[in-house]
Amino acid sequence: MSGTMPLELMNDRFIKACRCESVDSTPVWLMRQAGRYLPEYMKTRVKAGSFLELAKNPSYASEVTLQPLDRYDLDAAILFSDILTIPDAMGLGLSFEQGEGPRFEFPLQTEKRIQDLRVADMDQLRYVFDAVAQIRKDLVQNSKQRVPLIGFSGSPWTLACYMIEGGGSKEFQQTKTLLYSRPDLMKHILSINIQSVTEYLKLQIDAGAQAVMLFDTWGGLLSYSDYLKYSLDPMKEVIRRLHEDRHLKQNIPILLFSKGGGTWLKEMAKSGANVIGLDWTQSLSQAREQLTSQSICLQGNLDPQILLGDQSIIKIKVAELFNELALTKEIKQDLSPLDGHIFNLGHGISQFTPPENVEILISAIRAESTRHRLQS
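What comes next concerns the included structure. (Residues numbered from 1 in each chain as written. Predicted model: local features only at pLDDT ≥ 70, side-chain atom pairs only at ≥ 80, totals over all residues. Heavy atoms only, no water.)

Some remarks on the overall build of the protein chain
To be explicit about the condition: Only DSSP runs of H or I reaching four residues or more are called helices, and only runs of E reaching two or more are called strands; each is numbered from the N terminus. Between the two quantities, the radius of gyration covers C-alpha atoms and the globule rule is 2.2 Å times the number of residues to the power 0.38. Note on exposure labels: buried denotes an accessible area under 20% of the residue type's maximum, exposed denotes more than 50%, and partly exposed covers the range between, all computed with a 1.4 Å probe on protein chains only. When checking whether two residues touch, look at their non-hydrogen atoms; a contact exists if any pair is within 4.5 Å.
Of regular secondary structure, the protein chain possesses 15 helices and 11 strands. Radius of gyration (C-alpha) of the protein chain: 20 Å, near the 21 Å computed for a compact globule of 376 residues. Taking the principal axes of the C-alpha coordinates as reference, the protein chain spans close to 65 × 45 × 45 Å. Considering the protein chain as a whole, with its 376 residues, one finds that 57% of them fall into the buried category. Looking at the protein chain alone, contacts between residues at least 24 apart form 73% of all its contacts between residues at least 6 apart.

Things to note about the packing of helix α14 (residues 311-326) against helix α15 (residues 355-375)
Rules: All axes are obtained by fitting lines to C-alpha atoms, using only the stretch in contact for helices, and the reported angles, taken between N-to-C directions, cover 0 to 180 degrees. Roughly parallel means an angle under 35 degrees; roughly antiparallel, over 145; roughly perpendicular, 65 to 115; everything else is oblique. Crossings are classed by handedness, with left-handed meaning an anticlockwise turn of the near helix from the far one by less than a right angle and right-handed meaning a clockwise turn.
Two elements in contact, α14 and α15, have axes whose closest approach is 9 Å; the angle formed by their N-to-C orientations is 30°. Taken as axis vectors, α14 and α15 run roughly parallel relative to one another. Along this stretch, α14 crosses α15, giving a crossing that reads as right-handed. Within the contact between the two elements, α14 uses Gln 311, Ile 314, Lys 315, Val 318, Ala 319, Phe 322, Asn 323 and Ala 326 and α15 uses Glu 356, Asn 357, Ile 360, Leu 361, Ala 364, Ile 365, Glu 368, Ser 369, Arg 371 and His 372.

Some thoughts on the packing of helix α8 (residues 156-165) against helix α9 (residues 173-181)
So the rule is basically this: Throughout, the ten residues Ala, Val, Leu, Ile, Met, Phe, Trp, Tyr, Cys and Pro are labelled nonpolar, Asp, Glu, Lys and Arg are labelled charged, and all others, Gly among them, are labelled polar.
Where α8 contacts α9, the axes come no closer than 8 Å and their chain directions differ by 105°. On the basis of their axis angle, the class for α8 and α9 is roughly perpendicular. When α8 is examined against α9, the residues Trp 157, Cys 161, Ile 164 and Glu 165 are found in contact with a partner set consisting of Gln 173, Gln 174, Thr 175, Leu 178 and Leu 179. Looking at side-chain class alone, the contact of α8 with α9 contains five nonpolar, three polar and one charged residues.

Some details on unusual backbone geometry
The peptide bond linking Gly 300 to Asn 301 adopts the cis configuration, its omega dihedral lying at 0°. One can find Asn 301 in strand β10 (residues 297-302). Look at Cys 20: it is not a glycine, yet its phi comes out positive at around 60°. Structurally, Cys 20 is set in the loop between α1 (13-18) and α2 (39-48). Of note, the phi angle at Ser 143 is positive, near 65°, even though the residue is not glycine. You can see Ser 143 is positioned in the loop between β4 (140-141) and β5 (144-145). Classification of Ser 143 by relative accessible area gives exposed; the value is 62%.

Some words on the sheet that holds strand β6 (residues 149-154)
Strand pairing in a sheet relies on backbone hydrogen bonds, with the paired strands running either antiparallel or parallel. Filter applied, for reference: At least two bridges found by DSSP between two strands is the condition for calling them paired.
With parallel pairing, the seven strands of this open sheet are ordered in space as β1-β6-β7-β8-β9-β10-β11. A single partner strand is all that each edge strand has here, and the edge strands are β1 (77-78) and β11 (341-345). Pairing analysis gives three bridges linking strand β8 (residues 254-258) to strand β9 (residues 275-277), with the strands arranged parallel. Residue pairing across strands places Phe 257 opposite Gly 277, the latter belonging to β9.

In structure tokens, the structure reads:
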């Protein structure tokens, strides 16, 4: 894909918003927009046989990536994959137990295993890059690309949490025990993860990703200073390396999302990312006020559980979000206060979400964001 002429985008709202440019309507995409809440996704998953077989088959991965775009008026596609593909390619033995989530057969729970850790084998991740290329191909319609494609990776810290625990956890006790007893070993893991994440995103971009996102699910577990040192600094290093790679396409937007990251918003804005994602605990207007001197796009931040509720409440919550944002100062002259914002959820969409509620959500976003722009 990188050696071909880029196709014109039918819909470039998302890319424009990432660059804090004017758009006619606020772009929207949803974290985990391809997933278990969609009946068509479940049918494809049954065909594939398992989640991992689905994720590792480029044709199936492309099929489920496009399913929400065929159903909803969305402004971006996001690669269907999993954040734990990198440690799987390090030899940790990823599996998904029914009803229990991801598990690693060989977690990093001995010093030897940590010292033996090596950068992920990108050849084992070829299926991801093939999926990116397949999705770009399948997004073409009438010689144009429908919407841009977002690639992604877990952050170095978030990957480390899973790699040490051997799966998910509420408190990540083993991770914090290692952090505070052997910080030298934690730094080694993070160093390997920085290298792996950087190369992984570079190859996604080379395969055709038009934006990339770092998902930092567990940075919010840390204290103020430890977040900066062990979560944000590794992400900043990944972003620095991406910016310095002369072989990458220019102006690839980089998105950064730390769940529970509102405390560190100003520091996150200095990371080199173009877009900062917010979870639902944060105020869009307060975030905008903190970053008025910087051209940073904000993404978010509706609580995904709202989509489980009454449709009238969904409309009210969308209206409240846009009313709040409309009262903020514009980030650039001649822009609407609504520009420089991408509508998303504050975390991934719940598997229990009624599909019709997503339709209500998107219709409300279109109506409210257009109304405010016409009034400004």
